[in-house]
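Spelled out, the chains give:
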Amino acid sequence: MNYIWNFQDVFDNWWALAIGAAGTLRLFVVCLVLGMGLGLIIALGKRSRNRPVRWLSTAFVEFFRNTPVLVQILWFYYALPIIAPIEIGPFLAAILGISLNSAAYSAEIYRGGIQSIEPGQWEAARAIGMSGLQTLRRVILPQAIRRIIPALTNRGVEIFKMTTLASVVAYVELLQQGKLIASLNYNPLEVYTVIAAIFLIILYPIVRLTYALERHLARSD
Amino acid sequence: MYEWDFSPVLAEGGFLLVGFRNTLVLTATALSGGLVVGLLLAFARLSHRRWLKVPAGIVIEVFRTTPPLVQLFWFYFGLPIVLSIEMTPFLAASLTFMIQSGAFFAEIFRAGIVSIERGQWEAANAIGMTYNQCMRRVILPQAVKRMFPSMMERSIELMKTTTLVATVSYADLLFQANELAQKTFRPLEVFTVVALIYFVSISFISFIASRMERRFAKSGEFTP
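Residues numbered from 1 in each chain as written. Chains lettered and ligands numbered in written order. Predicted model: local features only at pLDDT ≥ 70, side-chain atom pairs only at ≥ 80, totals over all residues. Heavy atoms only, no water.

Basically, it comes down to this: UniProt positions are given in the numbering used here, feature names are shortened, and annotations may be inferred rather than shown by experiment.
Looking up chain B in an unreviewed UniProt entry gives the name Glutamate/aspartate import permease protein GltK, with the organism given as Roseibium album. The record held by UniProt for chain B lists under Sequence similarities (unreviewed entry) the comment "Belongs to the binding-protein-dependent transport system permease family. HisMQ subfamily."

Taking an unreviewed UniProt entry as the reference, chain A is identified by name as Glutamate/aspartate import permease protein GltK belonging to Roseibium album. Its UniProt record gives chain A the following Subunit (unreviewed entry) comment, quoted word for word: "The complex is composed of two ATP-binding proteins (GltL), two transmembrane proteins (GltJ and GltK) and a solute-binding protein (GltI)." The heading Sequence similarities (unreviewed entry) in the UniProt record of chain A holds the text "Belongs to the binding-protein-dependent transport system permease family. HisMQ subfamily."

What follows is the structure in C-alpha cells.
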C-alpha cells in the first residue's frame, strides 16, 4: 500500500498525449457528424410509406443496437476488406463501427422526438398547404430537436467515450498513446489515471450542461 | 469473387461456445454485483449524511463519464500496483463492470425512488412505519416497477460492454473469435458468425424484457 505515485514520466510525454488527443478529437467529430446525420435519415426511413425502406431502416437499427460496437469495429477491420475491394485502415474501421452504431441509437432518439409532436401540427400544416417535407423541416423538426437536445448530447458523450475502442485496432488516439507510454515507462497506474482524468475534465462539464438543459426543458414544457 | 466457407468455423463451434459461456458468466457476475453496488450507491446518494452522499456522488459521476475501456485498463494494469496484488483478467473485468454498471444502476434506482409521491412516505409514516419499513414495503415495490425498463436496457448494455475484456485476454466470445480468425484464416466468416450470435442472444433478451415490461404494465401492482 506504500506505492509512491510518480507522474513525471507521463508529463514528460505530454507531446505523445497531445497527438493522441488530436486523434481522439478527429475521430469524435467525424463520428458525431456522420452518426447524428445518418440517424436522422434512418429515423425518417422508419416513417417512410415505402415498405422496403421502412423495413431496411428497422433492420439497420435493430442490428446495430443489438450487437456490441467492438464487434462491429472488428468486423469492419478484419472482415469487410475481404469482400470489399477497398483498403480499410484503423481510422476508417473505427469511423464505420462507431458512426453506424451511433446512427442506430440516434435514429431512435429522433423518432421519439418526432412522435412526441402532436398530430394536430401535421394536420394544421397540411391545412395551410404545406407538403410533408416542408412540414417536417419548418414545423416538426425545430420543435422535436429542441426536445431531444439532452438525449442527443448524451449520445455525443457516449460517442466521445466510444472513440477509445479505436485503440483496439491501433488507431492513434488518447488511450492508444497511453498504452504506448505505459509500456515504455512501466507506469500504467499513472498513465491510465491521467487518461481517465482527461476524459473526466472534458466530459463532465458537458454532462452537467445536459442535466441543466433537461431541467430547463422540463420547466418550459 | 470471394467464396464464403463456414465449415472451418462450424468445425470449431465448441471453441466459440466456450467463449459464449465465459461471456455469460462474466455478464451474470457483473450484473448481480452491479445491482448490489447500484442499490448501495443510490441509498448513499439519497442519504442526508454528507460523508456518504459526497463520495457516492463522486463514484457515480466518475464511472459514468470515463470510457469503460480506460476503467478496465486502470483496474487491470493500475490497481495491482497500488494494492500489490495479483490481478486476473476476470477479476479486473468483474470489478470494473460491477462498479461501472452499479453507477448507472444507482441513477436509475435514485430516479425511481424519487419519482414516488411524497404522500406515500407521509401515509406510511402516519400508520407507524419506520423509514426502512416504508422503503422496503411501500416505496421499493412501486419504484422497481417504474425502473424496470431502464434496468433491462442497462443490463443489455452491460452484456455488450463485456466484449471489452477481450483486450485484456479474458477468453470471452470476442476473444475466442479473434483467436479462431487467426487460426483458420477466415476472419470474415468468424466475425460474421460471432456478430450473429450476439445479435440473436441480445435480441432474445430484449424480446423477453419487453414481454415482461408489458406484463408489469398490465398488472396493477408488482410484488418482487
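Still to come is the rest of the account.
## With respect to the overall build of chain A
Heads up, the rule is: We count a stretch as a helix when DSSP gives it H or I for four or more residues in a row; a strand needs E for two or more, and each element gets its number in order from the N terminus. Only protein chains enter the calculation, and the probe is 1.4 Å; a residue is then buried if its accessible area is under 20% of its type maximum, exposed if over 50%, and partly exposed in between. Any two residues whose heavy atoms approach within 4.5 Å at even a single point are treated as in contact. To measure how exposed things are, a 1.4 Å probe is used in the Shrake-Rupley method; for residues, cover is taken only from the protein chains shown. Counted charges follow a simple rule, with Lys and Arg positive, Asp and Glu negative, and His plus the chain ends left uncounted. Here the site of a charge means atom NZ of a Lys, CZ of an Arg, CG of an Asp or CD of a Glu.
Scanning chain A from terminus to terminus reveals nine helices and zero strands. Put simply, chain A runs from its N terminus to its C terminus through helices and strands in the order α-α-α-α-α-α-α-α-α. For the C-alpha atoms alone, the extent of chain A along its principal axes is close to 70 × 50 × 30 Å. Taken over 221 residues, chain A has a buried fraction of 47%. Contacts in chain A between residues at least 24 apart in sequence constitute 73% of all its contacts with a sequence separation of at least 6. For chain A, the computed accessible surface area is about 11100 Å², with 65% contributed by carbon and sulfur atoms. Looking at chain A, you have 19 positive and 12 negative side-chain charges, and the mean spots of the two groups are 14 Å apart.

## A closer look at the interface of chain A and chain B
Put simply, an interface is often sized by how much accessible area is lost when its parts join up. Note the cut-off: Once two parts are put together, the accessible area they lose, assessed with a 1.4 Å probe and summed over both, is termed the buried area. Throughout this description, a polar contact denotes any pair of N or O atoms lying within 3.5 Å of each other; where both atoms belong to protein, one of them has to be capable of donating a hydrogen while the other can accept it, and for residues adjacent in sequence the pair is counted only when both atoms sit in side chains.
In this assembly, 37 residues from chain A lie in contact with 38 residues from chain B. With both chains or domains summed, chain A and chain B bury close to 3500 Å², and 77% of this area falls on carbon and sulfur atoms. Linking chain A with chain B are eight residue pairs in polar contact (both at pLDDT 80 or more), by the criterion used here. Looking at the side of chain A that touches chain B element by element, the count peaks at twelve residues for helix α9 (residues 188-220) of chain A.

## Focus on the pattern of salt bridges
The criterion, for reference: Each salt bridge in this description consists of a side-chain nitrogen of Lys or Arg and a carboxyl oxygen of Asp or Glu lying within 4 Å of one another.
Counted according to the given criterion, the structure contains twelve salt bridges over all chains. For Glu-108 of chain A, the salt bridge is made with Arg-111 of chain A, and the minimal N-O distance between the two is 3.0 Å. Here the residue Glu-108 of chain A and the residue Arg-111 of chain A both occupy positions in helix α5 (residues 90-115), the gap between them amounting to three residues, near one helical turn. Linked by salt bridges that have partners in common, Arg-45, Glu-61, Glu-107 and Arg-110 of chain B make up one network.

## Topic: a positive patch on the surface
Residues and elements named next belong to chain B. Note the cut-off: By definition, no residue in a patch forms a salt bridge, and every one has over 30% relative accessible area; like charges are joined within 9 Å, nonpolar side chains (Val, Leu, Ile, Met, Phe, Trp, Tyr) within 5 Å.
Taken together, Arg-211, Arg-214, Arg-215 and Lys-218 make up a surface patch of like positive charges. Along the chain, Arg-211 falls in helix α9 (residues 187-218). On the basis of relative accessibility, which here comes to 49%, the residue Arg-211 falls in the partly exposed class.

## A word on the environment of Ala-181 of chain B
All names here are of chain B. Looking at the secondary structure, you find Ala-181 in helix α8 (residues 173-184). For the pair Ala-181 and Val-9, spaced 172 residues apart in the sequence, the C-alpha separation amounts to 8.6 Å. When neighbours within four sequence positions are excluded, Ala-181 is seen to be in contact with Arg-186, Pro-187, Val-190 and Phe-191.

## Re the packing of helix α2 (residues 14-46) of chain A against helix α7 (residues 132-162) of chain A
Residues and elements named next belong to chain A. Defined as follows: Helix axes use the C-alpha atoms of the stretch in contact, all axes being lines fitted to C-alpha atoms, and the angles between their N-to-C directions lie in the range 0 to 180 degrees. For classification purposes, an angle smaller than 35 degrees is called roughly parallel, one larger than 145 roughly antiparallel, one from 65 to 115 roughly perpendicular, and anything else oblique. Two helices crossing with the near one rotated counterclockwise from the far one by less than a right angle form a left-handed crossing, whereas a clockwise rotation gives a right-handed crossing.
Contact geometry for α2 and α7: axes closest at 11 Å, N-to-C directions at 140°. What the angle tells us is that α2 and α7 run oblique. For the pair α2 and α7, the crossing hand works out as right-handed. Contacts between α2 and α7 involve Thr-24, Leu-25, Phe-28, Cys-31, Leu-32, Met-36, Leu-40 and Leu-44 from the first element and Leu-136, Leu-141, Leu-152, Arg-155, Gly-156, Ile-159 and Phe-160 from the second.

## Describing the nonpolar core
Most often, soluble globular proteins keep nonpolar side chains buried together rather than apart. The line we're drawing: Buried residues of nine kinds, namely Ala, Val, Leu, Ile, Met, Phe, Trp, Tyr and Cys, make up a nonpolar core once their side-chain atoms join them within 4.5 Å.
Counting 116 residues, the largest nonpolar core has Leu-27, Phe-60 and Leu-165 of chain A together with Leu-16, Phe-97, Leu-174 and Phe-191 of chain B as its most contacted members. Looking at this core, the element that brings in the most residues is helix α7 (residues 131-161) of chain B, giving eleven residues. Ignoring anything within four residues of it in the chain, the contact list for Leu-165 of chain A reads Val-69, Leu-70 and Ile-73 of chain A together with Leu-69 and Leu-164 of chain B. Counting residues in each nonpolar core, the second largest holds nine residues, with Ala-125, Leu-136, Ile-140 and Ala-144 of chain A among its members.

## Some details on the UniProt feature "transmembrane region" (unreviewed entry) in chain A
Feature annotation in UniProt places "transmembrane region" (unreviewed entry) on residues 14-44, 75-98 and 191-211 of chain A, given in this structure's numbering. The distance separating the terminal C-alpha atoms of residues 14-44 of chain A is 44 Å; by composition the span is 100% helix and 0% strand.

## Looking at the UniProt feature "domain: ABC transmembrane type-1" (unreviewed entry) in chain B
Here the UniProt feature "domain: ABC transmembrane type-1" (unreviewed entry) sits at residues 20-209 of chain B. Span residues 20-209 of chain B is 84% helix and 0% strand, its end C-alpha atoms 20 Å apart.

## Observations regarding unusual backbone geometry
At Ala-170 of chain A, a position not held by glycine, the phi torsion is positive, near 65°. Looking at the secondary structure, you find Ala-170 of chain A in the loop between α7 and α8 (174-185).

## Details of the environment of Glu-158 of chain A
Mapping Glu-158 of chain A onto the fold places it in helix α7. Between the alpha carbons of Glu-158 of chain A and Ser-102 of chain A there is a distance of 8.7 Å; along the sequence they are 56 residues apart.

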